[in-house]
Amino acid sequence: MKSAKRNQSGFSILSLMIASVIGIFIMAGAGKVYIDSKHTFNARSSVAAAVENYRFAMLDMRRSLVMAGRGIASSLNGTVNGPFPGVAADGAVDSDGDTGSSVVAVRYASGPAPCGLSGEITTPTIVRFYVDADENLVCEARTPDHPVYAQPLVSGIVQMRALYGVDTDTDGIANQYVRTSIVDGSNLWVNVVSVRIGIIASSGEGQELPAIYQPATAEPLDLLGEDFTPTETNRTYKSASTTIAFRNLDTTKMYRQ
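Conventions adopted
Residues numbered from 1 in each chain as written. Predicted model: local features only at pLDDT ≥ 70, side-chain atom pairs only at ≥ 80, totals over all residues. Heavy atoms only, no water. Helix = DSSP H or I, 4+ residues; strand = E, 2+ residues; numbered from the N terminus. Buried < 20%, exposed > 50% of the residue type's maximum accessible area, 1.4 Å probe, protein only. Areas by Shrake-Rupley, 256 points an atom, 1.4 Å probe, with all protein chains shown as cover. Disulfide = S-S within 2.5 Å. Pairing = 2+ DSSP bridges. Phe/Tyr/Trp six-rings, centres within 6.5 Å; stacked < 30°, edge-to-face > 60°. Lys NZ or Arg CZ within 6 Å of the ring centre and 35° of its normal. 1 Å grid on protein atoms, 1.4 Å probe; cavity = no way out; pocket = protein on both sides within 12 Å on 5 of 7 lines; lining within 4 Å. Points joined across faces, edges and corners; volume = space filled by probe spheres on them. Nonpolar A, V, L, I, M, F, W, Y, C, P; charged D, E, K, R; others polar. Core = buried A, V, L, I, M, F, W, Y, C linked by side-chain atoms within 4.5 Å. Contact = heavy atoms within 4.5 Å.

A. Local environment of the overall build of the protein. Along the backbone of the protein there are two helices and twelve strands. Helices and strands in the protein line up, N terminus first, as α-β-β-β-β-β-β-β-β-α-β-β-β-β. By residue count, 43% of the 257 residues in the protein fall in the buried class. Of the roughly 14,500 Å² of accessible surface on the protein, a fraction of 54% belongs to carbon and sulfur atoms.

Here it is as structure tokens:
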């Protein structure tokens, strides 16, 4: 018996190095795709959070503000006892000290309970909305017989501005939108038929923008004709506005002095 010699061949060092380099490039490419996708997802989540914040805020405010004047005698509309409280701590004011935001307040005696409460109200109730120092939109309700009930509705609301629609020709349609101070100073509350609300909402904590999407400097946003410049660049900021008509006011009587 003669033994046969077999020659065995394998990969050379050069082949292994080339294969390793190719593998590293493939892994690096896959890693970059993953990281880019993650940054894009986080950026979209940040934008979505800001949009969701202002949409929820406006939806909840509209639910109460549209009730202004319902169940209140027409002769009281526009007065201290009507749908708009006097300009004071519990009324409609231009700014709320700590935040520079407007305070919006209405009064109604029949309709859905405000501030996340269940049921219906049957007594004259003041409902006001304001932004606190922690960037929460707060809903506050008070009745003659009950203490104040306050409930934060949504976070990430940086600033809110309100302009009131004044009807100057008694046709029930607003001809101009002005600040609270102008309405109060000219005694025009009896002619107010709507309110226009502007909001600056942010994505809030936990929904920051990835570093690669953060702008070098904060860009100003329009807030109902005024510029608002964010103090941070690591969050998404969105500006939005809505107009709410006070449909429950009796325009056939509200202009009688």
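B. Here's a closer look at the state of the cysteines. Overall, the coordinates contain one disulfide when judged by the stated rule. Each sulfur of the disulfide joining C115 and C139 lies 2.1 Å from the other. Taking the torsion about the sulfur-sulfur bond, which here is approximately -70 degrees, the covalent link between C115 and C139 counts as left-handed. One end of the pair, C115, is in the loop between strand 2 (111-112) and strand 3 (120-121); the other, C139, is in strand 5 (residues 136-143), and 24 residues separate them in sequence. Taking the relative accessible area as the measure of exposure, C115 reaches 1% and is therefore buried.

C. Structural context of the pairing of strand 5. Of all eight residues in strand 5, seven are buried; the element is thus mostly enclosed. Here strand 4 (residues 125-131) runs beside strand 5; their pairing, made up of six bridges, is antiparallel. Considered in strand 5, the bridge of V127 is made with A141. A loop of four residues connects strand 4 with strand 5, the two strands running antiparallel in sequence, and E135 in this loop sits at a positive phi of about 65 degrees.

D. Representation of unusual backbone geometry within the structure. A positive phi angle, close to 60 degrees, is found at C115, a residue other than glycine. Its identity is not glycine, yet L224 carries a phi of approximately 50 degrees, on the positive side. Mapped onto the elements, L224 comes out in the loop between strand 10 (221-223) and strand 11 (226-228).

E. Quick peek at the packing of aromatic side chains. By the definition in use, this model includes zero aromatic pairs. Across from the ring centre of Y177, 3.9 Å away, lies the NZ or CZ of R196, which sits over that ring.

F. Structural context of the layout of surface pockets. Here the largest pocket defines a volume of roughly 230 Å³. Together, 13 residues line the largest pocket, and L209, P215, R235, T236 and Y237 are the ones closest to its centre. Taken together, the residues of the lining of the largest pocket break down into seven nonpolar, two polar and four charged.

G. Representation of the nonpolar core. Counting residues in hydrophobic clusters, the biggest one holds 39 residues, and the most contacted among them are L65, F129, L137, M160, I197 and I199. Elements with a contribution of two residues or more to this core: helix 1 (13-65), strand 1 (104-108), strand 4, strand 5, strand 6 (146-155), strand 7 (157-166), strand 9 (192-202) and strand 12 (237-245). Here this core takes six residues from helix 1, the largest share from any one element. Excluding residues that lie within four positions of it along the chain, I197 makes contacts with M58, M61, L65, V104, M160, R161, L224, A240, S241, T242 and I244. Counting six residues, the second-largest nonpolar core is a separate cluster that includes V158, L223, F228 and Y237.

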